[in-house]
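# Summary of structural features
Listed here are the chains, written in short residue letters.
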Amino acid sequence: NSGPQWLSSAKPLVRRRDLRVLVAGCGVVGFSLAATLLSPFWLLALGPVVLGVPHLIADVRYLVLRPGLHRRRDLWLPLGVPLLLVGTSNMTVTSGLLACAGMALLARGAWSRKTVALGVIALLMTPAWYAGGMAAILFAHAHNFIAVTLWWCWRPRKRRIQLAVVPLLFFAASVLLLFGWLEPWVQGFSWQPAGMGPEFHLSFLAPGVAEPWALRMVLLFAFAQSVHYGVWLRLIPEDDRPQETPRTFRSSAHALHADLGTPLLIGGVLFALIITLWAVFDLAAARDSYLRLALFHGYLELIVATWFYVENPNQQEGTA
């Protein structure tokens, strides 16, 4: 009798998208926090290798292909050139902000919104220029929070309040990590990949920052990055799906192929396999190579956030 009773209790999760997203969102935050407390350095090492490429594919799928932005040829050069500079120059943040300015100008929205967006970009441009490499580090921390905010705005306005517990849990856990209130429970400092312990991550994520804030920033990044992956691989796909109920694995694969097309899908699979196999022999090098190639995606999220604000595509019930 336990089988039918279990199936009966699971029916609301199948029938109700909001309940399913709520459970998934709380699970993503809970798992990410537990993994951060138990083994933060393995989480930082393996997260990009295992989940990085699938999350990049999701970025392109839901930010560019699903909304149809790739069909707007007027955006190709103003956005494409700065995004190319993100990966080939030292001024990554200023290049990303230039792309955001291009989107603000070319988006099909009211000039009142364009003016606000351009004003915010102008305010950020000067400190980003003078901060140089430090601006990129600060943006690396910020972009995990941008993903959660973008998901929250992705939802139809009338349904956002129903899942307020997920971003509230995320921000509450972030505050607890940043101010050190969870530090007594952090384990796994001696359980770490070879050559990728505290000093390795401190040099990338908190250079020049005094303790105890430096380690807290690393722990916060490990947690927020893991939630970031969960948002793109679990929550946004649920909210973007047209039907209320889940797809089968076969229909999900067909939908993925229909959105990406054969060349992009094969390229993504090969890229994921290369990074994974490389990590078996040299985890640090594979992770570093992935992160260098993935620099564009954080700025892509910021560009689409600008588009979302200016065009307001979700002003009526439904998704972008």
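Thresholds, definitions, all that
- Residues numbered from 1 in each chain as written.
- Predicted model: local features only at pLDDT ≥ 70, side-chain atom pairs only at ≥ 80, totals over all residues.
- Heavy atoms only, no water.
- Helix = DSSP H or I, 4+ residues; strand = E, 2+ residues; numbered from the N terminus.
- Contact = heavy atoms within 4.5 Å.
- Polar contact = N/O pair within 3.5 Å; in protein donor to acceptor, adjacent residues only side chain to side chain.
- Phe/Tyr/Trp six-rings, centres within 6.5 Å; stacked < 30°, edge-to-face > 60°.
- Lys NZ or Arg CZ within 6 Å of the ring centre and 35° of its normal.
- Expected span 1.5 Å × (residues − 1).
- Bend = angle between axes of the 7 residues up to and from the residue.
- Buried < 20%, exposed > 50% of the residue type's maximum accessible area, 1.4 Å probe, protein only.
- Axes fitted to C-alpha atoms, helices over the stretch in contact; angles between N-to-C directions.
- Parallel < 35°, antiparallel > 145°, perpendicular 65-115°, else oblique.
- Nonpolar A, V, L, I, M, F, W, Y, C, P; charged D, E, K, R; others polar.
- Core = buried A, V, L, I, M, F, W, Y, C linked by side-chain atoms within 4.5 Å.
- Salt bridge = Lys/Arg side-chain N within 4 Å of Asp/Glu carboxyl O.
- Patch = residues over 30% accessible without salt bridge, like charges linked within 9 Å, V, L, I, M, F, W, Y side chains within 5 Å.
- Areas by Shrake-Rupley, 256 points an atom, 1.4 Å probe, with all protein chains shown as cover.

## Comments concerning the environment of Tyr 290
In this structure, Tyr 290 sits in helix H14 (residues 283-293). Between the C-alpha atoms of Tyr 290 and Ser 32, which are 258 residues apart in sequence, the distance is 21 Å. Setting aside its immediate chain neighbours within four residues, Tyr 290 contacts Pro 48, Gly 52, Val 53, His 55, Leu 56, Tyr 229, Phe 271 and Ile 275. In terms of polar contacts, Tyr 290 uses its side chain to reach the side chain of His 55, at 3.4 Å.

## Focus: the packing of aromatic side chains
As enumerated under the stated definition, the model contains ten aromatic pairs in all. Put simply, the rings of Phe 145, Phe 170, Phe 171 and Phe 223 pair up and form one aromatic cluster. Across the ring face of Tyr 309, the terminal group of Arg 113 is positioned such that the distance to the ring centre comes to 4.8 Å. Just above the ring of Trp 213 sits the side chain of Arg 216; from NZ or CZ to the centre is 4.9 Å.

## Considerations on helix H6 (residues 111-131)
In a regular helix each residue adds 1.5 Å, so 21 residues correspond to 30 Å; H6 covers 30 Å between its end C-alpha atoms and thus fits that length. Largest kink in H6: about 25 degrees, centred on Met 125, with the proline Pro 127 one to four residues after it. Buried residues of H6: Lys 114, Ala 117, Ile 121 and Ala 128, and no others. If you follow the buried residues of H6, they end up packed against helix H5 (92-106), helix H7 (133-154) and helix H15 (295-311).

## Comments concerning helix H11 (residues 213-240)
If you check H11, its first and last C-alpha atoms are 37 Å apart, about what 28 residues at 1.5 Å a residue would give, namely 40 Å. Where H11 bends most, at Val 231, the angle is about 45 degrees. H11 sits mainly inside the fold: 25 of its 28 residues count as buried.

## Considering the packing of helix H12 (residues 249-260) against helix H13 (residues 262-281)
Relative orientation of the contacting elements H12 and H13 amounts to 110 degrees, with a least axis distance of 6 Å. Judged on the interaxial angle alone, H13 and H12 are roughly perpendicular. Of H13, the residues touching H12 (which contributes Leu 256, His 257 and Leu 260) are Thr 262, Leu 264 and Leu 265. Class assignment of the residues belonging to the contact of H12 with H13 gives a composition of four nonpolar, two polar and no charged.

## Some words on the nonpolar core
Ranked by size, the top nonpolar core spans 73 residues in total, and within it Leu 63, Met 103, Trp 151, Phe 223 and Trp 232 carry the most contacts. Among the elements that take part in this core, H11 stands out by supplying 15 residues, more than any other. If sequence neighbours within four positions are ignored, Leu 63 has contacts with Ala 58, Leu 69, Leu 150, Trp 154, Trp 232, Leu 300, Glu 301 and Val 304. Judged by nonpolar contacts, the second largest core, of twelve residues, contains Val 49, Met 196, Ile 275 and Ala 294.

## Describing the pattern of salt bridges
Pairing of side chains with opposite charge becomes possible as their charged atoms draw close. Under the counting rule described, the total for this entry stands at ten salt bridges. A salt bridge links Arg 61 to Asp 259, with the shortest nitrogen-to-oxygen separation between them at 2.7 Å. Residue Arg 61 is found in helix H3 (residues 40-65), and its partner Asp 259 is found in helix H12; the two are separated by 198 residues along the sequence. The partly exposed category is assigned to Asp 259, whose relative accessible area is 22%. A salt bridge links Arg 66 to Asp 259; the shortest N-O distance between them is 3.9 Å. Here Arg 66, found in the loop between H3 and helix H4 (76-88), pairs with Asp 259, found in helix H12; they are 193 residues apart in sequence, far enough to count as distant.

## Description of unusual backbone geometry
For the bond from Glu 211 to Pro 212, the omega torsion is 10 degrees, close enough to zero to count as cis. With respect to the helices and strands, the residue Pro 212 is situated in the loop between helix H10 (198-205) and H11.

## A word on a nonpolar patch on the surface
A surface patch of nonpolar side chains, amounting to about 670 Å² of accessible area, comprises Ile 266, Val 269, Leu 270, Leu 273, Ile 274, Leu 277 and Trp 278. Among the residues examined, Leu 270 registers a relative accessible area of 47% and is labelled partly exposed.

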